[in-house]
Amino acid sequence: MEFDQVLALRKSIRSYTDEPVSKEDLAALVKAALASSVGKHNDAGYTLCVVTDRALLSAIDKEAEEKLGKPHMFFEAPALIFICETKEAFDYLKEFDAGIIAEHIHLKASDLGLGSVVLYGFIRHLGHDADYVKALGLPEGTYPLLAVAVGHSRAAKMERKGDREFEVIYR
Ligand SMILES: Cc1cc2nc3c(=O)[nH]c(=O)nc-3n(C[C@H](O)[C@H](O)[C@H](O)COP(=O)(O)O)c2cc1C
């Protein structure tokens, strides 16, 4: 797909069908994440965790609803890709890096005709001690920073209505 078309399709999708994301598409999303830039060349600072196991997804959904009082915080998407910090991550860079990695996944999803949304809310509010973090079975000292929910959605094929309205200053 033309890059400008990928940009035109990029938007947050909050409704998904039950159709699973294929192994090929998941591999393409991971490949896009691995094409990311990170500060200080710190590849050891990050681990990606791709979750498609339905029991695990439903446990995360349930924990978020029970503890935060909001249902379906990742919109019942069939795949969640967690961008995790390891013990090697630099505090002053990790949130920038995670955002950039997430954006690569988000844009690649648009390119593949998939829907996606970047997620921080439930990760932030559930924190490091959450049951789902233990259930992910991450190495010691590794915790989710950000996630991207991915799935099929008819809306993914429609162009975004508007752009951001940032002030832009040229000098
Ligand atoms: C760092 C970051 C965290 C976000 N966290 C959430 C979230 O927890 N839940 C959610 O529904 N959307 C989340 N979003 C999506 C934004 O809310 C969304 O980008 C915004 O509503 C603009 O919509 P658009 O992406 O369709 O242009 C997040 C986006 C970013 C960049």
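Computed from a predicted structure; not experimentally measured.

Participant: Give me the lowdown on the site of the ligand, citing residues and values where you can.
Facilitator: Around the ligand, the surrounding shell consists of Arg10, Lys11, Ser12, Arg14, Phe75, Val117, Val118, Leu119, Tyr120, Gly121 and Arg164. One nitrogen or oxygen atom from the side chain of Arg10 is found 2.7 Å from an oxygen atom belonging to the ligand. The side chain of Arg164 places a nitrogen or oxygen atom 3.1 Å from an oxygen atom of the ligand. Contact with the protein chains covers 58% of the free accessible surface of the ligand, which is 630 Å².

Participant: Give a detailed account of a nonpolar patch on the surface, specifying residues and quantitative values.
Facilitator: On the surface, Phe166, Val168 and Tyr170 cluster together into a nonpolar patch covering about 440 Å² of accessible area. In this structure Phe166 comes out as exposed when scored by relative accessible area, which is 63%.

Participant: Which residues make up the sheet that holds strand β3 (residues 115-119), and what are the values?
Facilitator: In space, the four strands of this open sheet follow the order β1-β2-β4-β3, with antiparallel pairing throughout. Among the strands making up the open sheet, the edge pair consists of β1 (46-51) and β3. The sheet shows a mean angle of 20° between the axes of neighbouring strands, taken without regard to direction. Here five bridges tie β3 to strand β4 (residues 143-151), and the two strands are oriented antiparallel to one another.

Participant: Give a detailed account of the pattern of salt bridges, specifying residues and quantitative values.
Facilitator: According to the stated counting rule, one finds eight salt bridges in the structure shown. Lys67 is the partner of Asp131 in a salt bridge, and the nearest nitrogen-oxygen pair spans 3.9 Å. Here Asp131, found in helix α6 (residues 131-136), pairs with Lys67, found in helix α3 (residues 54-68); they are 64 residues apart in sequence, far enough to count as distant. Classification of Lys67 as partly exposed rests on a relative accessible area of 48%. With a closest N to O distance of 2.9 Å, Lys94 and Glu85 form a salt bridge. Of the residues examined, Lys94 reaches a relative accessible area of 14% and is grouped as buried.

Participant: Can you explain unusual backbone geometry? Please cite residues and give values.
Facilitator: Trans is the prevailing form of peptide bonds, just as negative phi is the prevailing case for residues other than glycine. One non-glycine residue with positive phi stands out, namely Lys40, at about 60°. Tracing the backbone through its elements, the reader meets Lys40 in the loop between α2 (23-34) and β1. For Lys40, a relative accessible area of 56% translates into the label exposed.

Participant: Which residues make up the pairing of strand β2 (residues 79-85), and what values do they have?
Facilitator: Where a strand is regular, its side chains alternate between the two sheet faces. Most of β2 sits out of view: seven of its seven residues are buried. Here β2 shows two buried faces, one formed by Ala79, Ile81, Ile83 and Glu85 and the other by Leu80, Phe82 and Cys84. Relative to β2, β1 is paired through six bridges, and the arrangement is antiparallel. Pairing of Cys49 across the sheet is with Phe82, part of β2. Pairing geometry for β2 and β4, over seven bridges, is antiparallel. Considered in β4, the bridge of Ile81 is made with Val148.

Participant: Could you give an account of the nonpolar core, with specific residues and numbers?
Facilitator: By size, the foremost hydrophobic cluster in this structure holds 26 residues, and its most contacted members are Phe74, Leu80, Phe82, Phe122 and Tyr132. A per-element tally of this core places α3 first, with four residues. If sequence neighbours within four positions are ignored, Leu80 has contacts with Cys49, Val50, Val51, Leu57, Ile60, Phe74, Leu119, Phe122, Ala147, Val148 and Ala149. If you look at the next biggest cluster of nonpolar residues, it comprises 20 residues, including Ala33, Ile83, Ile101 and Leu145.

Participant: Explain the side chain of Ser116 residue by residue, including any values.
Facilitator: Looking at the secondary structure, you find Ser116 in strand β3. Beyond its immediate stretch of four places on either side in the chain, Ser116 contacts Lys11, Ser12, Ile13, Tyr16, His106, Ala109, Val148, Ala149 and Val150.

What counts, and where the lines are drawn
- Residues numbered from 1 in each chain as written.
- Predicted model: local features only at pLDDT ≥ 70, side-chain atom pairs only at ≥ 80, totals over all residues.
- Heavy atoms only, no water.
- Near = heavy atom within 4 Å.
- Polar contact = N/O pair within 3.5 Å; in protein donor to acceptor, adjacent residues only side chain to side chain.
- Areas by Shrake-Rupley, 256 points an atom, 1.4 Å probe, with all protein chains shown as cover.
- Patch = residues over 30% accessible without salt bridge, like charges linked within 9 Å, V, L, I, M, F, W, Y side chains within 5 Å.
- Salt bridge = Lys/Arg side-chain N within 4 Å of Asp/Glu carboxyl O.
- Buried < 20%, exposed > 50% of the residue type's maximum accessible area, 1.4 Å probe, protein only.
- Pairing = 2+ DSSP bridges.
- Helix = DSSP H or I, 4+ residues; strand = E, 2+ residues; numbered from the N terminus.
- Axes fitted to C-alpha atoms, helices over the stretch in contact; angles between N-to-C directions.
- Core = buried A, V, L, I, M, F, W, Y, C linked by side-chain atoms within 4.5 Å.
- Contact = heavy atoms within 4.5 Å.

Nothing here speaks to function; it is all geometry.
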